[in-house]
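Single-letter residue listing:
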Amino acid sequence: MSRCLIPLLVLSLLAVSNAILQGTVDIKRLQGILEEGLKSNDISSLYFSIKGLTQLKAKLPDVCDIIKKIKYDKTNIEQVFHLTNAAALSGCQNSLMPDVLSAPTLVLDREDTTLQEIYFAVYALKAVGRGSVFDKEDALKNLIQLLKKDDSPANYGYVFALCEHMGCAAWTSTHAESALLSADETDGRALHFDGGLPVTSFLLTTILRSYKSLGKPSPLSAEQRHKFGEYLLSRRSVTSPRGAALLLDAALHLADDQPTPIAIVFKDKKYITSESDTIEFSVTDLIGRPIPNLRPDEVIAQSGTRLADDVVVLSKQPLTQKPNEPTTFILNLSKIKAQHGLYKISLSAGSKSANFNIAVLGEIQVSNIEIGVGDIDGTTSPKITTVTYPNKLSEKLHADHLQKVTLKFAARDKWSKAVAVQQAFVRVASAATGREAIYVAETDSSGAYKVDLHVSAMAPHLLAGGAHDVTLLLGDSALAAPLAWTCADLELNFGRDRALGEPAVSARRGPQAEIAHTFRAAEARPARLVSDVFALACAAPLLLLLLLWARLGLNFQLFPPLPLPALSALLFHLALGGSLALYALLWLQLSMFETLRYLLPLGAVTFLAGHRLLRRLGDKAARH
Ligand SMILES: *[C@@H]1O[C@H](CO)[C@@H](O)[C@H](O)[C@H]1NC(C)=O
């Protein structure tokens, strides 16, 4: 695993240390913010404006009157620091009130001061020429004690800054690298310190100034320089004088730190057309100045590939430096201007490189369109008419809900080669109702576009028939201009069902009609006579039995003598009769389960009584 991880790690490190910034900090814009800030009534905004403009060596107006009258909190050490330093930078120390130094003196006498308060107090005193520190070694020891309590990046910055004043820059140089390592990384591409732009700007500038004063080479690696540059670019949309001054300070220091990070940006456009076949790039440092020690022939387009199919279209093509504009380099793409599409160009400047996406814009032409109306079932072949661009079909087309409108066309580039565009649509729209229906046109095997518009399918979208425009719409991200061609007038008739349009849609809402269920009608019965005869035929055996019984008469001779022996015989006959009655009830009203419930005891009685009766009859027969 480690064997494949290490090359990956090396690759990613190389990728970053070779990287190029794709943006610059706009100094002109920042200067505008700072000049606006000079009019502010807020002491902090005024201080940062004066500081930034001084750094740009811009001419400062007379601000002594403003400083004299500006409102501030005498007990707020930060505001006192801003006021005294604004006065020092603009040469207005005489406009300060004598009591301005009470807060800094108080802070330095206190036991529980923070490093930030010490920094503000010392530099406020220094601004009025009273900042001398007598026992430097003791002072540094105290600062280090405080740093041990809270070693945040901001606190390191305050100690580094105090060391600049006290003359302990050597201590800074032994601790700067570890402080730099405590920077946070975002997305593996940008470095900043906890605390955002203020802390990042403060630490970077104090460290770089200290190293410069010691005459030492920069402690920043190329990768760190690039990543801090990325962070500053991500903050370039600042709007306040404070943000502008902090960004400017950091950007100036970073750009001056050699070898400076290289930035390449598009000068204006990112595409070529058939008229202009070159793209201009600005190759500068972070703030838009030429790169020292970069030879013009070191700016090369290493490769160019088409994004759609990864085909390589150019390799190792040098850019030409524009006469009298040392930061502008021209890439001539006349070789690929006939093949419209999106391309990735890898540019290198010195040992650094970056990828840029560019577009070769084509022109699209549709010379004519074939249009016709035919039946949906194809029984009649449609009458095809050809319209040439940019005209409109002279006669109005009529189509009803049993018909379809067919359009056929080919999109060609400037060199008459058939091309497929990303978006090809046909729009049917009514000016009267403002409604429209849009259909996608697709190419067939020959590369021609064809659309069938079924009138009945349009009805739900257009709602009402009548006059409509038919417009062809073609677009592509690699097209110089999209195409919109209204090629025909179309009179639509949606038939009777759709004439009202709207209700058909609204009927879907609200309560639905009640559902009535109809059972199947009973089948016809036979005639009354037939059913009577059938019923008699079924009952015939029973009638016959009753008749025969009437003929034979009842025989009670074998009935046992009363009273006791006759009991079982009586019981048997009663139970048997009960069973028959139950059988009749089953037909008339009882359910099968009820019948079974009554039959069970009745059956048991019948069985026992019957058994006893039969045995008696058997005994009697044996005795005879
Ligand atoms: C780009 O190169 C082509 C041929 O190599 C040349 O004809 C054309 O003039 C060049 N374009 C510019 C703007 O220099």
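Residues numbered from 1 in each chain as written. Predicted model: local features only at pLDDT ≥ 70, side-chain atom pairs only at ≥ 80, totals over all residues. Heavy atoms only, no water.

Draft legend 1. Molecular detail of the overall build of the protein chain. Counting secondary structure elements, the protein chain contains 18 helices and 21 strands. Whereas a compact globule of 624 residues would reach a radius of gyration of roughly 25 Å, the protein chain reaches 52 Å, over 25% beyond that. Taking the principal axes of its C-alpha atoms as reference, the protein chain extends roughly 160 × 85 × 60 Å. For the protein chain, the proportion of its 624 residues judged to be buried stands at 41%. Expressed as a percentage of contacts within the protein chain between residues at least 6 apart in sequence, the contacts between residues at least 24 apart total 66%. For the protein chain, the exposed area adds up to about 36700 Å²; of that, 57% sits on carbon and sulfur atoms. Within the protein chain, the 61 negative side-chain charges are centred at a point lying 8 Å from the centre of the 64 positive side-chain charges. (Helix = DSSP H or I, 4+ residues; strand = E, 2+ residues; numbered from the N terminus. Rg over C-alpha atoms; globule rule 2.2 N^0.38 Å. Buried < 20%, exposed > 50% of the residue type's maximum accessible area, 1.4 Å probe, protein only. Contact = heavy atoms within 4.5 Å. Areas by Shrake-Rupley, 256 points an atom, 1.4 Å probe, with all protein chains shown as cover. Lys, Arg positive; Asp, Glu negative; His and termini not counted. Charge placed at Lys NZ, Arg CZ, Asp CG, Glu CD.)

Draft legend 2. Structural detail: the UniProt feature "transmembrane region" (unreviewed entry) in the protein chain. With numbering matched to this structure, UniProt assigns "transmembrane region" (unreviewed entry) to residues 533-554, 566-590 and 596-614. Between the C-alpha atoms that bound residues 533-554 the distance is 31 Å, and the span itself is 91% helix and 0% strand. Segment residues 566-590 splits into 92% helix and 0% strand. End C-alpha atoms: 32 Å apart. (UniProt positions renumbered as here; feature names shortened; annotations may be inferred.)

Draft legend 3. Just the sheet that holds strand β14 (residues 397-400), in detail. Spatial ordering of the open sheet is given by β14-β21-β20-β16-β17, a layout of five strands whose pairing is mixed. A strand with exactly one partner marks an edge of an open sheet, and here the two such strands are β14 and β17 (436-440). Each strand of the sheet is rotated relative to its neighbour by a mean of 30°, with strand direction disregarded. Looking at chain direction, β14 and strand β21 (residues 483-493) are connected through four bridges and run parallel. The residue of β21 that forms the bridge with Asp400 is Asn493. Against the sheet, helix α14 (residues 455-462) touches β14, β16 (423-429), β17, β20 (466-475) and β21, its axis set at about 130° to β17. (Pairing = 2+ DSSP bridges. Axes fitted to C-alpha atoms, helices over the stretch in contact; angles between N-to-C directions.)

Draft legend 4. Summary view of the packing of helix α3 (residues 43-55) against helix α13 (residues 241-256). Look at α3 against α13: their axes get within 8 Å of each other, and the N-to-C directions meet at 30°. When the interaxial angle is binned, α3 and α13 end up roughly parallel. Here α3 and α13 pass one another in a crossing that is left-handed. Residues Ser45, Phe48, Ser49, Lys51, Gly52 and Gln55 of α3 touch α13, and the partners they reach there are Pro241, Arg242, Ala245, Leu246, Leu248, Asp249, Leu252 and His253. (Parallel < 35°, antiparallel > 145°, perpendicular 65-115°, else oblique. Left-handed = near helix turned anticlockwise from the far one by under 90°.)

Draft legend 5. Representation of the packing of helix α9 (residues 153-166) against helix α11 (residues 196-214) within the structure. Here α9 crosses α11 at 35°, and the two axes come no closer than 9 Å. Like other packed secondary-structure pairs, α9 and α11 cross with a definite hand, here left-handed. In this structure, α9 uses Pro153, Ala154, Tyr156, Gly157, Tyr158, Phe160, Ala161 and Glu164 to contact α11, whose residues at the interface are Val199, Phe202, Leu203, Thr206, Ile207, Arg209 and Ser210. Looking at the contact of α9 with α11, its residues break down into ten nonpolar, three polar and two charged. (Nonpolar A, V, L, I, M, F, W, Y, C, P; charged D, E, K, R; others polar.)

Draft legend 6. Here's a closer look at the domain arrangement of the protein chain. Considered domain by domain, the protein chain is made up of domain 1 (25-257), domain 2 (263-360), domain 3 (368-508) and domain 4 (558-624). Between the C-alpha centres of domain 1 and domain 3 the distance comes to 67 Å. (Domains from an automatic or database assignment.)

Draft legend 7. Molecular detail of the environment of Leu586. Tracing the backbone shows Leu586 in helix α17 (residues 566-588). You can call Leu586 partly exposed: its relative accessible area is 30%. Sequence separation between Leu586 and Leu596 is ten residues, and the spatial gap between their C-alpha atoms is 9.5 Å. In this structure, Leu586 is in contact with Ser591, Met592 and Thr595, ignoring residues within four places of it in sequence.

Draft legend 8. Structural view of the pattern of salt bridges. Enumeration over the complete set of coordinates arrives at 24 salt bridges. Measuring nitrogen to oxygen at the nearest pair gives 3.0 Å for the salt bridge that ties Glu325 to Lys267. With Glu325 in the loop between β8 (320-321) and β9 (328-332) and Lys267 in the loop between β3 (263-266) and β4 (271-272), this residue pair connects regions lying 58 residues apart in the sequence. Among the residues examined, Lys267 registers a relative accessible area of 36% and is labelled partly exposed. The partner of Lys396 in a salt bridge is Glu491, with the nearest N and O atoms 3.3 Å apart. A residue pair is termed long-range when its members are at least 10 positions apart, and Lys396 in the loop between β13 (383-388) and β14 and Glu491 in strand β21 qualify at 95 residues. Judged by its relative accessible area of 38%, Lys396 is partly exposed. Classification of Glu491 as partly exposed rests on a relative accessible area of 25%. One connected set of salt bridges, linked through shared partners, spans Arg110, Asp112 and Glu117. (Salt bridge = Lys/Arg side-chain N within 4 Å of Asp/Glu carboxyl O.)

Draft legend 9. The arrangement of α3 in detail. Here α3 spans 18 Å end to end across 13 residues, near enough to the 18 Å set by a 1.5 Å rise per residue. Within α3, ten of the 13 residues are buried, leaving the element largely enclosed by the surrounding structure. Residues of α3 that are buried: Ile43, Ser44, Ser45, Leu46, Tyr47, Phe48, Ser49, Ile50, Gly52 and Leu53. Buried residues in α3 make contact with α2 (27-37), α4 (64-69), α5 (77-89) and α13. Looking one or two places after α3, you find Lys57, whose phi comes out positive at around 55°. (Expected span 1.5 Å × (residues − 1).)

Draft legend 10. Representation of the environment of Val419 within the structure. When you line up the elements, Val419 lands in the loop between β15 (403-409) and β16. Put simply, Val419 and Glu36 are 383 residues apart on the chain and 53 Å apart in space, counted from C-alpha to C-alpha. If near-sequence neighbours (up to four positions away) are discounted, Val419 is found in contact with His340, Ile364, Ala411, Arg412, Asp413 and Tyr449.

Draft legend 11. How the structure looks around the state of the cysteines. Going through the model one piece at a time under the given rule, you end up with two disulfides. Linked covalently through their sulfurs, Cys163 and Cys168 form a disulfide whose S-S length is 2.0 Å. Between Cys163 and Cys168, the S-S dihedral sits near -100°, and the bridge is therefore left-handed. The same class applies to Cys163 as to Cys168, namely buried. Each disulfide of the protein chain joins two cysteines, and with those cysteines numbered along the sequence the arrangement is 1-2, 3-4. (Disulfide = S-S within 2.5 Å.)

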